[in-house]
Amino acid sequence: NMQVIGRQTPADSELASKEWDRIVEARATIQQAKAELETRAKEEGDQELIDRMASIERQRQIFAQAQDEFKQLFDQGESAAARTLLMGELRTKYNAYRDEIILMTDREQHEALEHSQELSDVSTSRQQLIMLVSLLGLVVAVVIATLLLRRVQLQLCGELEDLQSHIERSAHGDLSEQIH
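In what follows, the accompanying structure is described. (Residues numbered from 1 in each chain as written. Predicted model: local features only at pLDDT ≥ 70, side-chain atom pairs only at ≥ 80, totals over all residues. Heavy atoms only, no water.)

A separate point is the overall build of the protein. The number of helices and strands found in the protein is four helices and zero strands. When the elements of the protein are put in sequence order from the N terminus, they spell out α-α-α-α. In the protein, 58% of the contacts between residues at least 6 apart in sequence involve partners at least 24 apart. A total accessible area of about 13500 Å² is found for the protein, and carbon and sulfur atoms account for 57% of it. (Helix = DSSP H or I, 4+ residues; strand = E, 2+ residues; numbered from the N terminus. Contact = heavy atoms within 4.5 Å. Areas by Shrake-Rupley, 256 points an atom, 1.4 Å probe, with all protein chains shown as cover.)

Below you can see the structure in the form of structure tokens.
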């Protein structure tokens, strides 16, 4: 936006004025977003974020002052001085402001990655615990099934032995016992 203004001549002041209005609107949007973020950071007690935002705000104010100086030079018809400011000091101050934002963003991304790794570790631990409990449940089920099978086999084998004994005695002619 500042470069668009810098390319204008005093005759094109209407276009320059529209670009300046866009800059003022963007400043208001930035201030509103900053206020919301600061409120949330204060509610959460995130002093580190509050400090980072203060640093960004200092750089934003320095950049905004340079923008205002540029606009003043442009409005006074000092196009050459305005362009020199635009290509030098204003660009340097914009880069410092941008770099501060990038630094905060990089820190936030790094913290988000660390948090994501912690969540992944917790998730992995929970999955391992679930698998261990499931395996333990399977072992208990196999033991119970084995015990029940043995009990049934003992009952059946005992009954079968009794039945076999009755059959053998009956085959030898002893019909005195009753089969239940």
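Time to look at helix H3 (residues 47-75). Given a rise of 1.5 Å per residue, 29 residues ought to cover 42 Å, and the 41 Å separating the end C-alpha atoms of H3 matches this to within 8%. Where H3 ends, the next residue or the one after it, Gly77, has phi of about 80°, a positive value. (Expected span 1.5 Å × (residues − 1).)

Once that is clear, we can look at the pattern of salt bridges. Evaluation of the coordinates by the stated rule reveals nine salt bridges. Put simply, Arg22 and Glu19 hold a salt bridge, and the shortest N to O gap is 3.1 Å. On the criterion of helical spacing, the pair formed by Arg22 and Glu19 is a turn pair, its members being three residues apart in helix H2 (residues 13-44). Here Arg22 falls in the partly exposed class, since its relative accessible area comes to 47%. Among the residues examined, Glu19 registers a relative accessible area of 8% and is labelled buried. Across the pair Lys71 and Asp75 runs a salt bridge whose closest N-O atoms are separated by 2.7 Å. Here Lys71 and its partner Asp75 are both found in helix H3, four residues apart, which amounts to about one turn of the helix. (Salt bridge = Lys/Arg side-chain N within 4 Å of Asp/Glu carboxyl O. Buried < 20%, exposed > 50% of the residue type's maximum accessible area, 1.4 Å probe, protein only.)

Our next topic: the side chain of Arg60. In this structure, Arg60 sits in helix H3. Looking at Arg60, the relative accessible area reads 13%, which means it is buried. Here Gln31 takes part through its side chain, which lies 3.1 Å from a polar atom of the side chain of Arg60. Discounting chain neighbours no more than four positions away, the residues touching Arg60 are Ile30, Gln31 and Tyr97. (Polar contact = N/O pair within 3.5 Å; in protein donor to acceptor, adjacent residues only side chain to side chain.)

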